[in-house]
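Here is what each chain is made of, one letter per residue.
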Amino acid sequence: MIKALFARIQQKHRTIGFPKTEPQFPERFCGKPVIDQAKCLKSCKICIEICPVASLNKDNNILNIDLGKCLFCSQCTNTCPENAIKFSRDYRLATKTRADLILSKDEIKLAVALDKKTKTLFGRSLKLRQVSAGGCNACEADTNVLGTVGFDLGRFGIQFVASPRHADGLLITGPVPENMKLALHKTYEAVSNPKIVIAVGACAISGGIYENHSEVNNGAEKIVPIDLYIPGCPPHPMTILDGLLRLLGRIEKNNEHEIKENNK
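Here the structure is a predicted model, which is why all the values come from computation and not from measurement.

**Student:** Tell me what's going on with the sheet that holds strand β7 (residues 158-160), and back it up with residues and numbers.
**Tutor:** Pairing in this open sheet of five strands is parallel, and the strands run β7-β6-β8-β9-β10 from one edge to the other. At either end of the open sheet lies a strand with only one pairing partner, and these are β7 and β10 (228-230). Neighbouring strand axes in the sheet, compared pairwise and without regard to direction, differ in orientation by 25° on average. Pairing of strand β9 (residues 196-200) with β10 involves three bridges; the strand directions are parallel. Across the sheet, the residue bridging to Ile198 is Leu228, located in β10. Where helix α6 (residues 178-190) meets the sheet, it contacts β6 (126-132), β8 (169-173) and β9, and its direction lies at approximately 170° from that of β6.

So this is what it looks like as structure tokens:
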């Protein structure tokens, strides 16, 4: 026991300070895209043509990116002749509606807290049943990371449970193949009301790289109602955690932290 105590003292505090302190990311981290519309040539469509999931589009010569489809693969930034697109270090991407994931400027309408009644129920204790609906295990892995000592999701009162009967809501990953459609629907029905549903990753939001395949349902939205969208392929654990805390009202502002390296 004494050896264990000494070892714990030497290890010190390992849990990250978020949300009180700003997280640190490696140089290759790709956060929220930033579009410089002034640099974007009206006749140029290179980025649109090269995108593997058709996440870019031009509307009245205004370039926009659908973060619900975007794989954050950097193909667009690598090929744009005018450097009109770049990925910032802003990890905050979760939204309450699908439409809010369409980005044409620097700002994004981040998720806000649940209504007062629902927030009272789930604000201090949220139990989620994670449903892997045909995912590749990338989003699932980054979700599981939140349970490690570094993130310690439990300190916020958020836990994953084994049964939908014990859950307050669902966290869905994967494009929902036809063989998982009924299973997802039954799992949703097994959660008592009121309940919340969170779609994590491009696949769960739009079908991702598998969109419009004959065997997938292009995400979960057509099967169950979604209360929170967390984009990415996969989204960084910090992006997932930020979205969950915003949903519970633990983070209520869009700019509570200054992202000093946002446009570097």
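Read on for the rest.
**Student:** Describe the side chain of Thr239, with residues and values.
**Tutor:** By the secondary structure assignment, Thr239 is in helix α8 (residues 237-247). Accessibility expressed as a relative area gives 2% for Thr239, which makes it buried. Setting aside residues no more than four positions away along its own chain, Thr239 makes contact with Tyr91, Leu93, Ile230 and Pro231.

**Student:** Can you break down the sheet that holds strand β5 (residues 102-103) residue by residue, with the values?
**Tutor:** Strand order in this open sheet of three strands is β2-β3-β5, and the pairing throughout is antiparallel. The sheet is open, and its two edges are formed by β2 (56-59) and β5, each paired on a single side. Sheet topology note: the β2/strand β3 (residues 62-66) ladder contains four bridges and is antiparallel. Opposite Asn57, over in β3, you have Asn64 as the bridge partner.

**Student:** An account of the layout of surface pockets is requested, with residue identities and associated values reported.
**Tutor:** Where empty space is left in the structure can be found by rolling a water-sized probe over the atoms. By volume, the largest pocket is sized at about 300 Å³. Forming the walls of the largest pocket are 16 residues, and the residues nearest its centre are Phe29, Cys30, Pro234, Pro235 and His236. Among the residues making up the lining of the largest pocket, the classes are represented as ten nonpolar, four polar and two charged.

The rules behind the values
- Residues numbered from 1 in each chain as written.
- Predicted model: local features only at pLDDT ≥ 70, side-chain atom pairs only at ≥ 80, totals over all residues.
- Heavy atoms only, no water.
- Pairing = 2+ DSSP bridges.
- Helix = DSSP H or I, 4+ residues; strand = E, 2+ residues; numbered from the N terminus.
- Axes fitted to C-alpha atoms, helices over the stretch in contact; angles between N-to-C directions.
- Contact = heavy atoms within 4.5 Å.
- Buried < 20%, exposed > 50% of the residue type's maximum accessible area, 1.4 Å probe, protein only.
- 1 Å grid on protein atoms, 1.4 Å probe; cavity = no way out; pocket = protein on both sides within 12 Å on 5 of 7 lines; lining within 4 Å.
- Points joined across faces, edges and corners; volume = space filled by probe spheres on them.
- Nonpolar A, V, L, I, M, F, W, Y, C, P; charged D, E, K, R; others polar.

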